[in-house]
Amino acid sequence: MIEFKNVSFNYARSDEASVKDITLTINNGETVLLCGESGCGKTTLMRLINGLIPHFYEGYMSGTVHVDGMNVSEAELYETAVKVGSVFQNPRSQFFCVDSTSELAFGPENMGFPEAEILSRIDKTVSSMGIRSLMDRSIFDMSGGEKQKIACASVDTLNPQVCVIDEPSSNLSLEAIEDLKHTISEWKKEGKTIVIAEHRMYWLKEICDRVICLKNGKILFDVSMKEFRTYKDERLREHGLRSVNEDLSMIPMRAEPEENGVITLEKFSYSYKKYDALHIDRLNIPRGEVIAVVGPNGAGKSTFSKCICGLMKGFKGSASIDGKRYRSRKLLDRSYMVMQDVNHQLFCETVMEEATLGMNDENETVAREVLDKLGLSEFSERHPMSLSGGQKQRVAVASAILSDKDIILFDEPTSGLDYCNMEKVAELIRSLRGSKTVFVVTHDPDLIRRCATCVLRLEKGHVAEFNRGGENYGEEEKCYNTAV
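As the structure is a computational prediction, the values presented were derived from the model and not from experiment.

Undergrad: Would you explain helix H6 (residues 144-158) in this entry?
TA: The α-helix advances 3.6 residues per turn, and as a result positions three or four apart in sequence lie on the same side. The end-to-end C-alpha separation of H6 is 22 Å, in line with the 21 Å expected for 15 residues at 1.5 Å each. The buried fraction of H6 is high, at 13 of 15 residues. Following H6 by one or two positions, asparagine 159 has its phi on the positive side, about 55°.

Structural data, given as structure tokens:
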């Protein structure tokens, strides 16, 4: 049983409490969905359950949190880890090893289990989760979705009674979400207590028993999933929530083609030590369009984006723009990328400084307009690292939009964003059409339908499909793809 009694918490750098006077009981074996707008307090509740607050995150806490009778505020983190397994929004932040097999062994090793039992636990987890192909691989070479699978697997080998999972689907393909759904369903059958903070809720409607919605750090409603599924989309959107019956089609919006020529990508190939991640001989991309780059986890989407930006060491391909060929790091002069993990690209002391960092001629008026559209105006003087995951994501999006680059790449820009902020990001990306060429690596069908004019699907590092304005092209003379 998880019990909150009159719990409030203020982060050290925040003037306002992230959660306010929360009293809540989650029964043994319940699977609970936490939802609400970005910054409403979901992640803070998670950190209170697994003990990261107050042991890791500084601030002021009042009230008590008990898990299975243990006061997690007073217990040591290693004691809480026996009872509570955690999968963070950014799985990379919880890894201790450089390869996947060692990561699965790390937890049981620290618990002092015998070698035979550790190996048995790993084999059971690998088999049940179907991740044999991810074993003995460098974690640094994995996609965001593959890292998420390893994070879940490392929890599974510990076999805790309570699992807290923060935005697990944010970087996962539709196929990978089905795998995750199976994993959580198995945990539920085992009688584990599961708490999931999530914006994309459609895949949880058959798993969760209960839905708790937060707003401004307080519980807005606490209902059964059966009742929640009767809520109309209009009511959900009032609270910044996505539909529980999400449309999963990835058809781009129809729009008159921009006649701005093409960007020709040649020999876009990249190999990691043990496998080929990307192989495109030639690809003509229409300039001035918004191109959604989709495909299963590990298909080469993030590698493709980093190659366009010239960020991959040893990459030999080139891009021809306006008749001039650009190679490797020279592409950095023409491009800007918002990474999947935005924590790696937030450098400044305030949100305003971060937003204007890439501007050649700093214009605070224009910057404030973009921040306002993204709902960030009130945070303009806050330190970016003091914000929630979704808020950080929007800061990075603002910085990209304000940069003086003509190729912009977004890697999962709506990761961790609620419905309202997803729409704001989609509107701003859509407004770039014509003036910039925009690539959006995403698994988010809602985003694609709202801002993309083309869809480029990758599979196993190759171009599998190109869809422009809702029409599929297969013949070379009609298609911008000559790679397959």
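Undergrad: So what exactly am I meant to see when it comes to a negative patch on the surface here?
TA: A cluster of like negative charges, contributed by Glu349, Glu353, Glu362 and Glu381, occupies part of the molecular surface. Note on placement: glutamate 349 falls in the loop between strand S16 (335-338) and helix H11 (351-355). On the accessibility criterion, glutamate 349 (52% relative accessible area) is exposed.

Undergrad: What is the right way to read the nonpolar core from this model?
TA: Side chains of a nonpolar character, in soluble globular proteins, are inclined to be buried together. Membership of the largest hydrophobic core comes to 46 residues, with the highest contact counts inside it found for Ile184 and Phe228. Counting 40 residues, the second largest nonpolar core, distinct from the first, contains Ala292, Val370, Phe379 and Leu428.

Undergrad: What am I meant to see in empty space enclosed by the protein here?
TA: Over the atoms rolls a probe the size of a water molecule, and in doing so it shows where empty space is left. Taken as a whole and assessed by the stated rule, the structure comprises two cavities of 30 Å³ or more. Approximately 90 Å³ is the volume attributed to the largest cavity. Along the walls of the largest cavity sit 14 residues, with Ser170, Arg200, Thr414, Ser415 and Asp444 positioned nearest its centre. Here the residues of the lining of the largest cavity sort into one nonpolar, seven polar and six charged. As a volume, the second largest cavity reaches approximately 80 Å³. Top contributing element to the lining of the second largest cavity by residue count: helix H7 (residues 174-189), with four residues. Class assignment of the residues belonging to the lining of the second largest cavity gives a composition of six nonpolar, two polar and two charged.

Undergrad: Looking at this structure, how should I read unusual backbone geometry?
TA: Negative phi characterises most residues that are not glycine, and trans characterises most peptide bonds. Geometrically, the link from isoleucine 53 to proline 54 is a cis peptide bond, its omega value of 10° lying close to zero. In this structure, proline 54 sits in helix H2 (residues 52-55). Even without glycine at this site, aspartate 68 takes up a positive phi of about 55°. When you line up the elements, aspartate 68 lands in the loop between strand S4 (59-67) and strand S5 (70-71). Here glutamate 167, not a glycine, exhibits a phi torsion of approximately 50°, which is positive.

Undergrad: Whenever I open this one, the packing of aromatic side chains confuses me. Can you help?
TA: Remark: the centre distance and the inter-plane angle together describe each pair of aromatic rings, the angle taken between the planes. Taken as a whole and assessed by the stated rule, the structure comprises eleven aromatic pairs. Consider the rings of phenylalanine 221 and tyrosine 231, whose centres lie 5.6 Å apart with planes at 80°: the pair is edge-to-face. You can see phenylalanine 221 sitting in strand S10 (residues 218-224) and its partner tyrosine 231 sitting in the loop between helix H8 (225-228) and helix H9 (233-238), a full ten residues away along the chain. Judged by its relative accessible area of 11%, phenylalanine 221 falls in the buried class. Here the aromatic cluster, defined as three or more aromatic residues joined through ring pairs, consists of Phe9, Tyr11, Phe56 and Tyr57. Between the NZ or CZ atom of arginine 121 and the centre of the ring of phenylalanine 113, over which it lies, the distance is 4.3 Å.

Undergrad: How should I be thinking about the pattern of salt bridges in this particular structure?
TA: Side-chain pairs of opposite charge can arise where the charged atoms are in close proximity. This structure, assessed with the given rule, holds 30 salt bridges. The closest approach of N and O atoms between aspartate 247 and arginine 449, which form a salt bridge, is 3.8 Å. With aspartate 247 in the loop between H9 and strand S11 (262-271) and arginine 449 in helix H15 (residues 445-451), the pair connects residues that are 202 residues apart, well separated along the chain. One salt bridge connects arginine 450 with aspartate 446, and the closest N-O pair in it is separated by 3.5 Å. Remark: aspartate 446 and arginine 450 occur in helix H15; sequence separation between them is four residues, near one turn of the helix. Bridged by salt links that share partners, the residues Arg242, Asp247, Glu423, Asp444, Asp446, Arg449 and Arg450 form one connected network.

Undergrad: Please explain the side chain of glutamine 148 as it appears in this structure.
TA: Relative to the helices and strands, glutamine 148 resides in helix H6. Those residues in contact with glutamine 148 that lie beyond four places of it in its chain are Val87, Phe88, Pro91, Glu167, Pro168 and Leu172.

Undergrad: Hey, could you run me through the pairing of strand S6 (residues 84-87) in this one?
TA: Where a strand is regular, its side chains alternate between the two sheet faces. On S6, burial covers both faces: Val84 and Ser86 on one face and Gly85 and Val87 on the other are all buried. The sheet contact formed by S6 and strand S7 (residues 162-166) spans four bridges and is parallel. By the bridge assignment for S7, valine 87 is matched with isoleucine 165.

Definitions and limits used
- Residues numbered from 1 in each chain as written.
- Predicted model: local features only at pLDDT ≥ 70, side-chain atom pairs only at ≥ 80, totals over all residues.
- Heavy atoms only, no water.
- Helix = DSSP H or I, 4+ residues; strand = E, 2+ residues; numbered from the N terminus.
- Expected span 1.5 Å × (residues − 1).
- Buried < 20%, exposed > 50% of the residue type's maximum accessible area, 1.4 Å probe, protein only.
- Patch = residues over 30% accessible without salt bridge, like charges linked within 9 Å, V, L, I, M, F, W, Y side chains within 5 Å.
- Areas by Shrake-Rupley, 256 points an atom, 1.4 Å probe, with all protein chains shown as cover.
- Salt bridge = Lys/Arg side-chain N within 4 Å of Asp/Glu carboxyl O.
- Lys, Arg positive; Asp, Glu negative; His and termini not counted.
- Charge placed at Lys NZ, Arg CZ, Asp CG, Glu CD.
- Core = buried A, V, L, I, M, F, W, Y, C linked by side-chain atoms within 4.5 Å.
- 1 Å grid on protein atoms, 1.4 Å probe; cavity = no way out; pocket = protein on both sides within 12 Å on 5 of 7 lines; lining within 4 Å.
- Points joined across faces, edges and corners; volume = space filled by probe spheres on them.
- Nonpolar A, V, L, I, M, F, W, Y, C, P; charged D, E, K, R; others polar.
- Phe/Tyr/Trp six-rings, centres within 6.5 Å; stacked < 30°, edge-to-face > 60°.
- Lys NZ or Arg CZ within 6 Å of the ring centre and 35° of its normal.
- Contact = heavy atoms within 4.5 Å.
- Pairing = 2+ DSSP bridges.

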